[in-house]
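The chain contents come next:
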Amino acid sequence: AMDALELEAVFDQLPQDVVDANPYVLLLVARGLRVATRWDRGHALLERAHEIAARSGDAVLVRAVGVELAQELLRELNPQPAEDAARSVLRDAAPSEKLTRARAYHILGQALCWRLDSAGRRDEAALAEAEECFSRASNLYQALGMRSATSALVPYWAISIEFARGHASEAMDRLEKGLNLVAG
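Residues numbered from 1 in each chain as written. Predicted model: local features only at pLDDT ≥ 70, side-chain atom pairs only at ≥ 80, totals over all residues. Heavy atoms only, no water.

Explanation requested: the pattern of salt bridges in the structure shown.
Any two side chains of opposite charge can pair, given that their charged atoms come close. Here the structure, examined in full by the defined rule, presents 19 salt bridges. Put simply, Glu8 and Arg41 hold a salt bridge, and the shortest N to O gap is 2.7 Å. Of this pair, Glu8 sits in helix α1 (residues 4-12) while Arg41 sits in helix α4 (residues 39-56), placing them 33 residues apart in sequence. For Glu8, a relative accessible area of 6% translates into the label buried. A relative accessible area of 24% means that Arg41 is categorised as partly exposed. The partner of Arg136 in a salt bridge is Glu132, with the nearest N and O atoms 2.9 Å apart. Taken together, the positions of Arg136 and Glu132, both in helix α8 (residues 124-143) and four residues apart, correspond to about one turn of that helix. By sharing partners, the salt bridges in this structure join Arg31, Arg34, Glu68, Glu72, Arg75, Glu76 and Arg103 into a single network. (Salt bridge = Lys/Arg side-chain N within 4 Å of Asp/Glu carboxyl O. Helix = DSSP H or I, 4+ residues; strand = E, 2+ residues; numbered from the N terminus. Buried < 20%, exposed > 50% of the residue type's maximum accessible area, 1.4 Å probe, protein only.)

So, in C-alpha cells, the structure goes:
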C-alpha cells in the first residue's frame, strides 16, 4: 500500500498530457490527499478535473467532481450546500455511475445528519432519510467491492443516527460490523 505522500509524489511525475487524457486520476489523488489533510492541493486537483470536464463536455466527470466538491463543503461545515450538491448529482447521475451515486448518497446522508428540528434536536425525518442514504451508499459500495468505503460511512450511521436516537446497543453493533468489513 502507498501512503498519501507517496501517492502525491508518484502523481507529480506524470506528464500533464497523460493526466489530462485520464482525468479520473485527479479524483483518486484528490481523495487520497484529503485523507492526509492536504485539502488545498486536493481541491486544486478537483478544480483541474472540473476544467477538463467542462472543456470536453464530459457530464459524467462533472458529476463525479461535483460530488467530491460536495464532500469539501461538508468538511468546511456547510451541510446545506453539500446536501443541495449531492441531491443535484443524484438527480442527474445514471444508474451506471455507481461510485458517483454511492459517494453522493454517502455525502447526502452525512449532510442530513446535521439538520435540526425547531427544538434544536436532530430532525427525525432527516435522520430517517440519512439512514436510507447510508443504506443505498453501503449497497453500492459493496456492489463495487469497496469494503473500506462501506466501513467509512458506518461511524456516521452509528453515531449520528443510532446513538442520536438513544440506541447505544445498535450503534455499537453497527460499529462492530463496520470494523469486521475492514478486517474481513
